[in-house]
Amino acid sequence: MIQLTPGTFLVANPHLNDPNFLRTVIFLCEHSHEGSFGFVLNRKLNYTVDELVPELGDFQLPVFEGGPVELNTLHFLHQYPDEIPGGKEIIEGVYWGGEFDKLIELINSRTADIQKIRFFLGYSGWGEKQLEAEMGEKTWIVAPATRKFLFGNHEKVLWKEVLKELGSEYELIINAPLDPRLN
């Protein structure tokens, strides 16, 4: 069984009826006895980052809803530790945050691969022992995080794709209808 640690995915079990997390995949960035937080990867918003950060000019990079907490905060994941110092490495080669002015410079220089940067409004957070309680209720399935899912352009099928990677035992879950009464 995969341990609940920073750098793992939390995949919503189909019985999770909370509209904030229905069929979501969360990249867990922090997990300790004090609490946990991460970002929903498969909820693209109708914003682009240039609408939120005018200094980025015409870069219309998508923005994702990181979760229901502090939707007025902008976060980012990236693969540029040298160009964007101050980030925290979550998995090998993937960083959360860093010096925002350096991020703006990098994007405006047009030398960055924009597929290696992802923006989020808000985040998903849990208080002390809250995530452990949800794990006990089998609310989440834990999966290893990979860059191909973190930075890929497949948010509409991400939930199914991550479950497929876990093996055939999740086949029934993958094909479960949103409303089991309609089955």
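For the structure given in this document, a descriptive report is provided here.

Procedures and definitions
- Residue positions are given per chain, counting from 1 as you read along its sequence in written order.
- Two thresholds apply to this predicted model, a pLDDT of at least 70 for residue-level local features and 80 or more for giving and counting side-chain atom pairs, whereas whole-chain, interface and lining totals are computed over all residues.
- Side-chain figures throughout are based on the complete set of non-hydrogen atoms in the structure, without hydrogens or water.
- Counting from the N terminus, the helices are the DSSP runs of H or I reaching at least four residues and the strands are the DSSP runs of E reaching at least two.
- With C-alpha atoms as the basis for the radius of gyration, the globule rule is written as 2.2 Å multiplied by the number of residues raised to the power 0.38.
- Note on definitions: a residue-residue contact is assigned when non-hydrogen atoms from the two residues lie within 4.5 Å.
- Here the accessible surface of atoms and residues is derived via Shrake-Rupley with a 1.4 Å probe, and residues count as covered only by protein chains that are part of the display.
- A residue counts as positive if it is Lys or Arg and as negative if it is Asp or Glu; His and the chain ends are not included.
- The atoms used to mark charge sites are NZ of Lys, CZ of Arg, CG of Asp and CD of Glu.
- Working definition: with a 1.4 Å probe on protein chains only, accessible area under 20% of the residue-type maximum means buried, over 50% means exposed, and in between means partly exposed.
- Salt bridges are defined as contacts in which a side-chain nitrogen from Lys or Arg sits within 4 Å of a carboxyl oxygen from Asp or Glu.
- Only the six-membered ring of Trp is used, alongside the rings of Phe and Tyr, when aromatic pairs are assigned; centres must lie within 6.5 Å, and planes under 30 degrees apart are stacked while those over 60 apart are edge-to-face, with the rest tilted.
- By arc we mean the arc of the directions from the helix axis to the C-beta atoms, nothing more.

Section: the overall build of the protein
Along the backbone of the protein there are 6 helices and 10 strands. By the compact-globule yardstick of 16 Å for 183 residues, the protein fits well, its C-alpha radius of gyration being 17 Å. When the backbone C-alpha atoms are referred to their principal axes, the protein occupies close to 50 × 35 × 30 Å. Across the protein, the fraction of contacts at a sequence separation of at least 24, relative to all contacts at a separation of at least 6, is 62%. Working note: accessible area of the protein is about 9800 Å², and carbon and sulfur atoms make up 50% of it. When the 16 positive and 27 negative side-chain charges of the protein are each reduced to one mean point, those points stand 7 Å apart.

Here's the deal with the side chain of Glu65
Looking at the element boundaries, Glu65 is found in strand 5 (residues 62–65). Although buried, Glu65 forms no salt bridge, and the nearest oppositely charged side chain, Arg43, lies 4.7 Å from it. Excluding residues that lie within four positions of it along the chain, Glu65 makes contacts with Val40, Arg43, Leu45, Leu71 and Leu121.

Some details on unusual backbone geometry
Phi at Glu70 is positive, roughly 45°, even though this residue is not glycine. Mapped onto the elements, Glu70 comes out in strand 6 (residues 69–78). We note that Lys129 has phi near 65°; this positive angle belongs to a residue other than glycine. Mapped onto the elements of the fold, Lys129 is located in the loop between strand 9 (117–126) and helix 3 (130–136).

Description of the pattern of salt bridges
The tally for this structure, following the rule as stated, stands at 5 salt bridges. Lys148 is the salt-bridge partner of Glu165, the closest N and O atoms lying 3.1 Å from each other. Of this pair, Glu165 sits in helix 5 (residues 158–166) while Lys148 sits in helix 4 (residues 147–150), and the two are 17 residues apart along the sequence. The exposure class assigned to Glu165 is exposed, which follows from its relative accessible area of 52%. Looking at Lys148, the relative accessible area reads 48%, which means it is partly exposed.

Concerning the packing of aromatic side chains
Under the counting rule described, the total for this entry stands at 12 aromatic pairs. On the numbers, 6.4 Å between centres and 55° between planes, the contact of Phe9 with Phe149 is tilted. Within this pair, whereas Phe9 is found in strand 1 (residues 8–12), its partner Phe149 is found in helix 4, the two being separated by 140 residues in sequence. Owing to a relative accessible area of 6%, Phe149 belongs among the buried residues under this scheme. Seen from their ring centres, Phe64 and Phe120 are 6.2 Å apart, and the 45° between their planes marks the pair as tilted. Within this pair, whereas Phe64 is found in strand 5, its partner Phe120 is found in strand 9, the two being separated by 56 residues in sequence. Accessibility classification places Phe64 together with Phe120 in one group, the buried group.

A closer look at helix 2 (residues 100–108)
Among all positions of helix 2, only Leu103, Ile104, Leu106 and Ile107 are buried. Relative to the axis of helix 2, the buried residues are bounded by an arc of 165° and lie together on one face. Tucked inside the fold, the buried residues of helix 2 contact strand 6 and strand 9. Two residues or fewer after helix 2 comes Arg110, characterised by a positive phi angle close to 60°.

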